Structure formats: structure tokens, C-alpha cells
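A structural walkthrough
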Amino acid sequence: SQQGEEDPQALSIQEGENATMNCSYKTSINNLQWYRQNSGRGLVHLILIRSNEREKHSGRLRVTLDTSKKSSSLLITASRAADTASYFCATDISSNTGKLIFGQGTTLQVKP
Amino acid sequence: DGGITQSPKYLFRKEGQNVTLSCEQNLNHDAMYWYRQDPGQGLRLIYYSQIVNDFQKGDIAEGYSVSREKKESFPLTVTSAQKNPTAFYLCASEGLAGSNEQFFGPGTRLTVL
């Protein structure tokens, strides 16, 4: 069953604007990860935030985690046309098995 | 050039046939995973293996089989028992199960004719 629910399902912005995607989940997690997928390709890992962390940065990416609300957000600042892709959150809920449960994703279009 | 590879990129199958999708990694990773992705959907776990000669069913294992005879290889067989096999199949590996990020292959798109 899908643990992660993402919103919005689709997002269209202009280059230079910020993009925010949200992910909600149902059960306790060890960590939450964000992945990016270009159309018809494999996924690329972006960032991992552990359950005891509240915020993490990587370049133009900022991820927050609120375990009390069981939610996370991914912010991409100063977006570029090359950021156009689908973004998935994935939750790690089990100890040492590596099993991830993926959300349905947010499709981001950045217009030049 | 390290990474994870999948072949073929596109695969066509007639109904009633078994097909095997290849996944190879030279990252020396212990854990490997197979996911299925349907249009506009997230990934669903089919099978996973934490170590050579061992594997477990994921959430949607029915109609699929795997083997893990070598650390580098984790082939997936889509059997005729899988009722709706047309999908995009993604293989991933991880250094140690549950430790870090998963590295994904480029995927195989399977179409049943």
C-alpha cells in the first residue's frame, strides 16, 4: 500500500521561481528520502533526512520534516528549466531491510 | 565506470510467455531491489535481496520470480501468471540494506502484445 501522499500532483512554474512539493505519510519512519525522475529514466537520489532531523539543505534544495504531522516538504529555489522532472518522496519504515515506500510523485514543469 | 545497468531497454512479450529482465551492478552493493512503475504512479516493490542467495517478496510479488546467485546480478522473471505485466521496471542497489540511498538503473519498459 502507498504510504506517501504527495501534493500537488502537478506543478508548473516559471524559471527563477521557487517550487514546493509536499509529502505526507502514515506510519513512523526511520528516514525520508526524495528522488528525482526524468521522463522514462531511472530515479536519482536527491536528499535523505532522518527522523531526528528537522531540516536539511543540499545546494538549491531544502527539505523539512515534521514527524508530529507526518509530513515533509521539498523546496527547490531559483528553479531552472533543467529541474523539470517528477519528484518522489520515499519513506524507510523498517529496520535494516532497506524497503522504501514511494509516493505517487509530483510532476514539476519549469518554463524557460 | 561504476553503476547499475538494466537490459534490454525495451522488451515486447506475447501473452503466455515468460521473460527475464537483467540487472547488473558493479558497485559492490549487498542489497538489490526490483520495482514496478505504472504510468503516473510511484514505484511498487516486487522483490528485494539483502545478500547473495537470499531474497524476499515485496508488496506485489505474485507472477514474478527472482534469483540472486551472484552479488552483481539480480534478474527478474515476469511469468505468464502475471496478469498485467505491461509496465516500466526499475532495478536498484544499496550498499547495505537500510543504510543509505538507493542507486537506480535506467529501467526496462515491458510491453505485452
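Now for a look at the structure at hand. (Residues numbered from 1 in each chain as written. Chains lettered and ligands numbered in written order. Predicted model: local features only at pLDDT ≥ 70, side-chain atom pairs only at ≥ 80, totals over all residues. Heavy atoms only, no water.)

**Quick word on the overall build of chain B**
Worth spelling out the cut-off: Labels follow the DSSP assignment, with helices taken as runs of H or I lasting at least four residues and strands as runs of E lasting at least two, numbered in each case from the N terminus. Two things to know: the radius of gyration comes from C-alpha atoms, and the globule rule equals 2.2 Å times the number of residues to the power 0.38. For this analysis, residues touch if any pair of their heavy atoms sits within 4.5 Å. Per-residue accessibility takes into account occlusion by the displayed protein chains alone, with areas from the Shrake-Rupley method and a 1.4 Å probe.
Along the backbone of chain B there are zero helices and 11 strands. Mapped in sequence order, the helices and strands of chain B form the string β-β-β-β-β-β-β-β-β-β-β. Its C-alpha atoms give chain B a radius of gyration of 13 Å, near enough to 13 Å, the size a compact globule of 113 residues would have. Taken over the C-alpha atoms alone, chain B extends approximately 40 × 25 × 25 Å along its principal axes. Sequence separation of at least 24 residues holds for 54% of the intrachain contacts in chain B that already meet a minimum separation of 6. When the accessible surface of chain B is totalled, it reaches about 5400 Å², and 48% of it is carbon and sulfur.

**Brief notes about the pairing of strand β9 (residues 87-94) of chain B**
All names here are of chain B. Short version of the rule: The cut-offs for exposure are 20% and 50% of the maximum accessible area for each residue type, with area from a 1.4 Å probe on protein chains only; residues under the lower value are buried, those over the upper are exposed, and the others partly exposed. At least two DSSP bridges between two strands are required for those strands to pair.
With eight of eight residues buried, β9 is to be regarded as a mostly interior element. The side-chain alternation of β9 yields two buried faces, one formed by A87, Y89, C91 and S93 and the other by F88, L90, A92 and E94. As defined by bridge partners, strand β4 (residues 31-37) adjoins β9 across seven bridges and the pair is classed as antiparallel. When the bridges of β9 are listed, W34 appears paired with C91. In the sheet, β9 pairs with strand β11 (residues 108-112) via three bridges, with the strands oriented antiparallel. Each bridged residue has a counterpart across the sheet, and for F88 the counterpart in β11 is R109. Where β9 meets strand β10 (residues 103-104), two bridges bridge the pair, whose relative direction is antiparallel. Looking at the pairing, S93 lines up with F103 of β10.

**Quick look at the interface of chain B and chain A**
It is common to give the size of an interface as the accessible area lost on bringing the parts into contact. For clarity, the cut-off: Between Lys or Arg on one side and Asp or Glu on the other, a salt bridge is scored when a side-chain nitrogen of the former is within 4 Å of a carboxyl oxygen of the latter. Definition of a polar contact: a pair of N or O atoms within 3.5 Å, with one able to donate and the other able to accept a hydrogen when the atoms are protein atoms, and with sequence-neighbouring residues admitted only if both atoms are side-chain atoms. Residue polarity follows a fixed list, in which Ala, Val, Leu, Ile, Met, Phe, Trp, Tyr, Cys and Pro are nonpolar, Asp, Glu, Lys and Arg are charged, and the others, Gly among them, are polar.
Counting residues at the interface gives 25 residues for chain B, matched by 21 residues for chain A. Between chain B and chain A we count zero salt bridges in total. Across the contact surface, chain B and chain A share three residue pairs in polar contact (both at pLDDT 80 or more). Per element, the largest residue contribution to the side of chain B that touches chain A is five residues, and it comes from strand β5 (residues 43-51) of chain B. When its residues are assigned to classes, the side of chain B that touches chain A shows 10 nonpolar, 10 polar and five charged.

**Quick look at the pairing of strand β6 (residues 54-57) of chain B**
Here β5(B) runs beside β6(B); their pairing, made up of three bridges, is antiparallel. If you follow B:Y47 over to β6(B), its bridge partner there is B:K57.

**Quick notes on the packing of aromatic side chains**
For clarity, the threshold we go by: A pair of aromatic rings is counted whenever rings of Phe, Tyr or Trp (Trp by its six-membered ring) have centres within 6.5 Å, and the orientation is called stacked for planes under 30 degrees apart, edge-to-face for over 60 and tilted otherwise. We count a charge as sitting over a ring when the NZ of a lysine or the CZ of an arginine lies within 6 Å of the ring centre and within 35 degrees of the ring normal.
Taken as a whole, this structure holds nine aromatic pairs over all chains when the rule is applied. Pairing B:Y33 with B:Y35 gives two aromatic rings, centres 6.3 Å apart and planes at 25°, and the pair type is stacked. Of the two residues, B:Y33 and B:Y35, both sit in the buried class. For the pair B:Y33 and B:Y48, a centre-to-centre distance of 6.3 Å together with 15° between the ring planes defines the contact as stacked. With B:Y33 in strand β4 and B:Y48 in strand β5, this pair connects stretches of sequence that are 15 residues apart. Look at B:Y48 and you get buried, because its relative accessible area is 7%. An aromatic cluster is built from A:Y35, A:F102, B:Y33, B:Y35, B:Y48 and B:F104, whose rings are joined through pairwise contacts. The residue whose ring lies beneath B:R68 is B:F74, and the NZ or CZ to ring-centre distance is 6.0 Å.

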